[in-house]
Structure formats: structure tokens, C-alpha cells
Amino acid sequence: MMTKRLSGYPSYLRLPRPPAVALVCLGLFLLCCLFVPRFASFGNLENVLRIAAILCIVACGQAIVIILGGIEFSFGASVALASVVTVMVLPAAGPIAGLAAGGTAVIGIGAVNGWLVGRMGLPPVIVTLGTLMMTSGTAAWLVGGLPLDAPPSAVFSWPARGRVFGIPVPILAAMLACAALHVLLAHGRLGRLWYHVGANPLAARLAGIDVARVTLLGYATAGTFCAVGAIILTSRVASGQPALAPNLAFETIAACAIGGLPLSGGRGHVLQVVFGVLTVAMLNNAVVLINLPVAWQLVLLGLAVLAAVGLQKDWAALKRLAGRAAR
């Protein structure tokens, strides 16, 4: 019965054509090309995509958690801990083992969050805030609060600076992450279970779905995406920094919100993540190019999130009014 109920192409994956956020993203791109010096140069656009790549990979994980009806505040602290663990393991075990150790730590944190939320029934906000504080404190304790430089290594720097068929590795990794998320959500049974749990956990439980297990796997998968981003970012900064990427979790939430993912859970599409991330990346880059204070990045990002949420609410109200008028 459950298999039949979950079959078919899910309606919650359908997007309006064209997606509203795609038009906003295109409009912002044209404005930046016209009014921001050097924005349209090839070197700057590649730099925007490189920076957006890490945010995009981690935002794919955030999207899974949001679809489940939760939220992840610990991603930034997890990335910082991964950088510290990587650089501490690297001298004795080599760059590959070091990066693997850092990534495993992030996946473990995601699994613990999923167990606490799914099995123990704790609120996601409280769980991930607690994990954020504990993880951040652990990272600072391991290195005494000071950055720890990594020894030079071509293998260690490859995830951030290498190329495959001329494509920078971070950009290629972001493309693969988006493809993987699409496959999970649109064609994987686990992805469909995430939608059902996020839309109505009680109904999902009554339908025979193991909500605790599905939630744990969702947070662990989100941690896997975050681990990939952590590996690339650690390779880029070439050091273990206990305060690395402090705003990363909030930027991923902002990207998902701007993209149109409802924070109530149960719906979402990978294209919303992509366009939300590109919008955030272009805003941040434009602030730098026109020499505004860095604090303006947060100001503009906050305004963009509020505008996106407001527009979503107004659009939903307009659709309801149109439906009533049609009846």
C-alpha cells in the first residue's frame, strides 16, 4: 500500500515556469553587468562561480534538512572543525587521510543531529544550535583558538585549485552535488520519503514510514554534502581555522529562502537552491567590487531574504484569490 501511495511523479517537485527566482537572478545579473565595474569580466565571473560552488554544495545539504521540516545551524562550525581535524591528521597520515578524517567528522555531526531530532524528538533548532556551540568550542580547544597552517602539498590543494577538463574542481563538484540532489529528490525513494516526512510527520508515521530512520538518513546525507564543501574550503585556506566560515549556515538558509524553499518543509527543488545561491554570490561579489564595507553583505542579504519571503507570501495569497475567483 505504501509503495503505491509513494509512486508517480511527485507534484511538490513541479516549479512554475519560469521559476520566479530565476527571473530575479537574471535581473540581478544584468544589473551587475551594467552598473558594477569589472563584474562581467571572465576572471570575475569564474571567481563568483568558485565562491558560489562551496555555498551551493552546502546549501544542497541545507535543502534536505529544510524539506524534512528542520533547519541546520551547525554547518559553519562543522566546517571549522573539519579544517582543524584535517590539518591535525595531515602531517602523520597524509593529505588524503587528513581530508577524509575532516569529512568524516562532519558526516558524524550530521548523523548525531539526525538521531537527536528523529529518534529523541528534540526540536531541530535547539539541537543544531547546541551542536554549533559544542562543535565550535571543540574546534577552538583542539588548536588553542589559533589557526594551524597545513604543510604545502599539491594533493592537498587540488580540491580547491585543480581543474578537470579545464573546469575548476569546486565548480565541477557543485555541478555533481546538484545532480546528486536532483536524483535523490526526483528519482530516489528516500528523497520522496523526505518530502512525506517534512509535509506531515504524523501522517507519514501512520503510513508505515520509519520517520526516525528517514530523518537520521536525511541529516547524515546533508552532512555528506557539507563534508564535501568543508574539504574544498579547507584546501582553499590551507589551514585549520576554528573560526572558519562563521556565517556559512546562515548563508545557506538565506540561499534556500531566496530560492523559494518553504521553511515549513515538504517541498523544494534543486533549481531553487541553484538560483538562490547564485543570487547570494552575486550580491556578495557586487558589494566587494563597488568597495562597500563588508558589513553591507549581511545587510543586503538580510533584505533579500525578507523580500523573498514577502514575495512568496504575496504570491501564495494571489494564487488563492485567483482560485476562488475561478470557482
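Residues numbered from 1 in each chain as written. Predicted model: local features only at pLDDT ≥ 70, side-chain atom pairs only at ≥ 80, totals over all residues. Heavy atoms only, no water.

Peer 1: Just give me the short version of the packing of helix H4 (residues 75-93) against helix H12 (residues 248-259), but keep the residues and values in it.
Peer 2: Here H4 crosses H12 at 135°, and the two axes come no closer than 6 Å. Classified by the angle their axes make, H4 and H12 are oblique. Residue-level inspection shows Phe75, Gly76 and Val79 of H4 in contact with H12, the latter providing Leu248, Ala249 and Thr252. In terms of residue class, the contact of H4 with H12 is made up of four nonpolar, two polar and no charged. (Axes fitted to C-alpha atoms, helices over the stretch in contact; angles between N-to-C directions. Helix = DSSP H or I, 4+ residues; strand = E, 2+ residues; numbered from the N terminus. Parallel < 35°, antiparallel > 145°, perpendicular 65-115°, else oblique. Contact = heavy atoms within 4.5 Å. Nonpolar A, V, L, I, M, F, W, Y, C, P; charged D, E, K, R; others polar.)

Peer 1: A description of the packing of aromatic side chains should follow, citing residues and the corresponding values.
Peer 2: In this description, a pair of aromatic rings is defined by centroid distance and the angle of the planes. Applying the stated criterion across every chain yields a total of two aromatic pairs. Consider the rings of phenylalanine 73 and phenylalanine 250, whose centres lie 5.8 Å apart with planes at 45°: the pair is tilted. In this pair, phenylalanine 73 sits in the loop between helix H3 (42-67) and H4 while phenylalanine 250 sits in helix H12, placing the two residues 177 residues apart along the sequence. Classification of phenylalanine 73 by relative accessible area gives buried; the value is 15%. Phenylalanine 250 sits in the partly exposed class, given a relative accessible area of 42%. (Phe/Tyr/Trp six-rings, centres within 6.5 Å; stacked < 30°, edge-to-face > 60°. Buried < 20%, exposed > 50% of the residue type's maximum accessible area, 1.4 Å probe, protein only.)

Peer 1: Describe the nonpolar core, with residues and values.
Peer 2: Counting 72 residues, the largest nonpolar core has Leu181 and Val277 as its most contacted members. Considering every element that reaches this core, the biggest residue donor is H3, with 15 residues. Non-local contacts of leucine 181, meaning those with residues more than four positions away in its chain, are made with Cys60, Ala63, Ile64, Phe225 and Val270. Of all hydrophobic cores here, the second largest spans six residues; its members include Val84, Val85, Ile109 and Val143. (Core = buried A, V, L, I, M, F, W, Y, C linked by side-chain atoms within 4.5 Å.)

Peer 1: Break down helix H6 (residues 124-143) for me, with residues and values.
Peer 2: With 20 residues, H6 ought to run about 28 Å at 1.5 Å a step, and its terminal C-alpha atoms sit 29 Å apart, in line with that. For H6, the set of buried residues is Pro124, Val127, Thr128, Thr131, Thr135, Ala139 and Val143. Looking straight down H6, one finds that the buried residues subtend no more than 95° of arc, so they occupy a single side. Exposed and oriented more than 90 degrees from the buried face of H6 are Ile126, Met133, Met134 and Trp141. On its buried face, H6 is in contact with H4, helix H5 (95-118), strand E1 (148-149) and helix H11 (211-237). In the segment just after H6, glycine 144 is the residue with positive phi, at about 65°. (Expected span 1.5 Å × (residues − 1). Arc of directions from axis to C-beta.)

Peer 1: Tell me about the confidence of the model for the chain, and name the residues and values.
Peer 2: With 89% of its residues at a pLDDT of 70 or more, the chain shows a mean pLDDT of 87. Under a pLDDT of 50 for its full length, residues 1-9 has, in the predicted model, twelve contacts with residues more than four places off or in other chains. (pLDDT = per-residue confidence, 0-100.)

Peer 1: Tell me about H5, and please be specific about residues and values.
Peer 2: For H5, which comprises 24 residues, the first-to-last C-alpha distance of 34 Å matches the rise-based estimate of 34 Å (1.5 Å per residue) to within 8%. Buried within H5 are the following residues: Pro95, Gly98, Leu99, Gly102, Gly103, Val106, Ile109, Gly110, Asn113, Gly114, Val117 and Gly118. As for H5, its buried residues are in contact with H4, H6, helix H7 (154-161) and H11.

Peer 1: Provide a residue-level description of the layout of surface pockets, including the pertinent values.
Peer 2: Estimates place the volume of the second largest pocket at around 630 Å³. Surrounding the second largest pocket, 23 residues form its lining, Ile51, Arg236, Glu251, Asn284 and Gln297 being those nearest its centre. The dominant element in the lining of the second largest pocket, judged by the number of residues it contributes, is H3, at six residues. When grouped by side-chain class, the residues that make up the lining of the second largest pocket number 16 nonpolar, five polar and two charged. (1 Å grid on protein atoms, 1.4 Å probe; cavity = no way out; pocket = protein on both sides within 12 Å on 5 of 7 lines; lining within 4 Å. Points joined across faces, edges and corners; volume = space filled by probe spheres on them.)

Peer 1: How would you sum up empty space enclosed by the protein? Please name residues and give values.
Peer 2: According to the stated counting rule, one finds one cavity of 30 Å³ or more in the structure shown. Considering only enclosed or pocket space, the largest cavity measures out at about 40 Å³ in volume. Surrounding the largest cavity, Glu72, Ser74, Phe75, Ser78, Val106, Ile109, Gly110, Asn113, Tyr219 and Gly223 form its lining. Partitioned by chemical class, the residues of the lining of the largest cavity number four nonpolar, five polar and one charged.

Peer 1: So what's going on with the pattern of salt bridges? Residues and values would help.
Peer 2: Two side chains bearing opposite charge may form a pair once their charged atoms approach each other closely. Considering all chains together, one arrives at two salt bridges under this definition. Notably, a salt bridge pairs glutamate 46 with arginine 50, separated by 3.5 Å at the nearest N-O pair. A residue pair is termed a helical-turn pair when its members lie 3 or 4 positions apart in one helix, as glutamate 46 and arginine 50 do in helix H3 at four residues. Judged by relative accessible area, glutamate 46 falls into the buried class, the value being 16%. A salt bridge links glutamate 46 to arginine 163; the nearest nitrogen and oxygen atoms lie 2.7 Å apart. (Salt bridge = Lys/Arg side-chain N within 4 Å of Asp/Glu carboxyl O.)

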